[in-house]
Amino acid sequence: MKIDVITLFPGIFNGFLEESIIKKAQKRKVVGISLVDLRQFGEGRHLTCDDSPYGGGAGMVMKCAPLFKAVQEVSRKNSHVILMSPQGKILNQAMANKLAKKKQLTIICGRYEGIDERVRARLVDEEISIGDFVVSGGEIPAMVLVEAVVRLLPGAISKQESYEKDSFYNGLLDWPHYTRPAIYNKMKVPAVLLSGNHMAIEKWRREQAEKATKINRPELWASYLRSTKAIRTRNSKREIHLPVRARSSKSEKQ
Ligand code: SAH
């Protein structure tokens, strides 16, 4: 995948691109991430990228021309242009999964009051928000998006398992994790995790994940119950009713 990030403040990305999974993913050629400094497309002697709003009012608006030029510069046949915006759809795992299948993403980071509406109308395929609050620029939201997408790309993290069991992937939150030592300051790791009984561990983890989802995210729990209803109905018929009837008819015969 190729990701082009258009920003007035490329320096904000320095540490982010040079550490951990994002660094490794670039090194392994799983992803190529380029920063496009919007300033180089600015106008006039001062390479201006913003101006005061038509109609008056406080704040500045990012101008059309630099953004049109920057997007054009990185555009390819399969480009998917995303604007980070509090007015967009709130990012979730399903959206990240879908974006992870794209060949290229162009991400526009807004600043000030935001961008000229004509950029949004003409160039943007999708507006994405990181939540119902406002931050001062699209750079941190863009990093959130890049990290959510890149970790899903094949080869970015060593075991596919490590994201398939994460929160949201299967509609539930994650279960609690523990590591050595087994007792720390008199606090014990649940005995089941030390038992070596894999079935019991699986069961405990699922129960914990369900409990956390039910308490912390009731709306997520409700949609999980809806989506698994059919499966549970089928299973409960198979696992509870059928064997019970089968057993009782056998004992009747005896
Ligand atoms: N006036 C705008 C906010 C502008 S904040 C409004 O009220 O909607 C400046 C820039 O920060 C935005 O253009 C956007 O790129 C980014 N931004 C702020 N909050 C964001 C959020 N929750 N999600 C994604 N991007 C956000």
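Source: prediction; values computed, not measured.

(A) Molecular detail of the domain arrangement of the chain. Domain boundaries assigned for the chain yield domain 1 (2–150) and domain 2 (183–253). Relative to domain 2, the C-alpha centre of domain 1 lies at a distance of 43 Å.

(B) Focus on the side chain of Thr7. Mapped onto the secondary structure, Thr7 falls in strand 1 (residues 2–7). At a separation of 2.8 Å, a polar atom in the side chain of Thr7 contacts the main-chain amide nitrogen of Phe9. Not counting residues up to four positions away in its chain, the partners in contact with Thr7 are Phe13, Val36, Asp37, Leu38, Cys109 and Glu139.

(C) Region of the structure containing the sheet that holds strand 7 (residues 126–129). With parallel pairing, five strands are arranged side by side in an open sheet as 2-1-6-5-7. The open sheet is flanked by strand 2 (32–37) and strand 7, the only strands paired with a single partner. Adjacent strand axes in the sheet meet at a mean angle of 30°, parallel and antiparallel pairs treated alike. Here strand 5 (residues 79–90) pairs with strand 7 via five bridges, running parallel. Residue pairing in the sheet places Ile82 in a bridge with Glu126 of strand 7. Its contacts with the sheet place helix 3 (residues 64–74) against strand 1, strand 2, strand 5 and strand 6 (104–108), and it is angled at close to 165° to strand 1.

(D) Layout of the nonpolar core. Core analysis: the biggest nonpolar cluster contains 33 residues, and Ile3, Leu145 and Val150 have the highest contact counts within it. Taken together, the elements giving at least two residues each to this core come down to strand 1, helix 1 (14–17), helix 2 (20–27), strand 5, helix 4 (93–99), strand 6 and helix 6 (139–150). Setting aside residues no more than four positions away along its own chain, Ile3 makes contact with Val31, Gly32, Ile33, Ser34, Leu105, Ile107, Val146 and Val150. Judged by nonpolar contacts, the second largest core, of 19 residues, contains Leu8, Cys49, Leu67 and Leu123.

(E) Layout of the side chain of Thr106. Here Thr106 shows up in strand 6. Looking at Thr106, its side chain comes within polar contact range of the side chain of Gln104, at 2.8 Å. Each residue touching Thr106, except ones within four places of it in the same chain, is listed here: Asp4, Ile6, Val74, Ser79, His80, Val81 and Ile82.

Here is what the cut-offs are and how they apply
- Residues numbered from 1 in each chain as written.
- Predicted model: local features only at pLDDT ≥ 70, side-chain atom pairs only at ≥ 80, totals over all residues.
- Heavy atoms only, no water.
- Domains from an automatic or database assignment.
- Helix = DSSP H or I, 4+ residues; strand = E, 2+ residues; numbered from the N terminus.
- Polar contact = N/O pair within 3.5 Å; in protein donor to acceptor, adjacent residues only side chain to side chain.
- Contact = heavy atoms within 4.5 Å.
- Pairing = 2+ DSSP bridges.
- Axes fitted to C-alpha atoms, helices over the stretch in contact; angles between N-to-C directions.
- Core = buried A, V, L, I, M, F, W, Y, C linked by side-chain atoms within 4.5 Å.
- Buried < 20%, exposed > 50% of the residue type's maximum accessible area, 1.4 Å probe, protein only.

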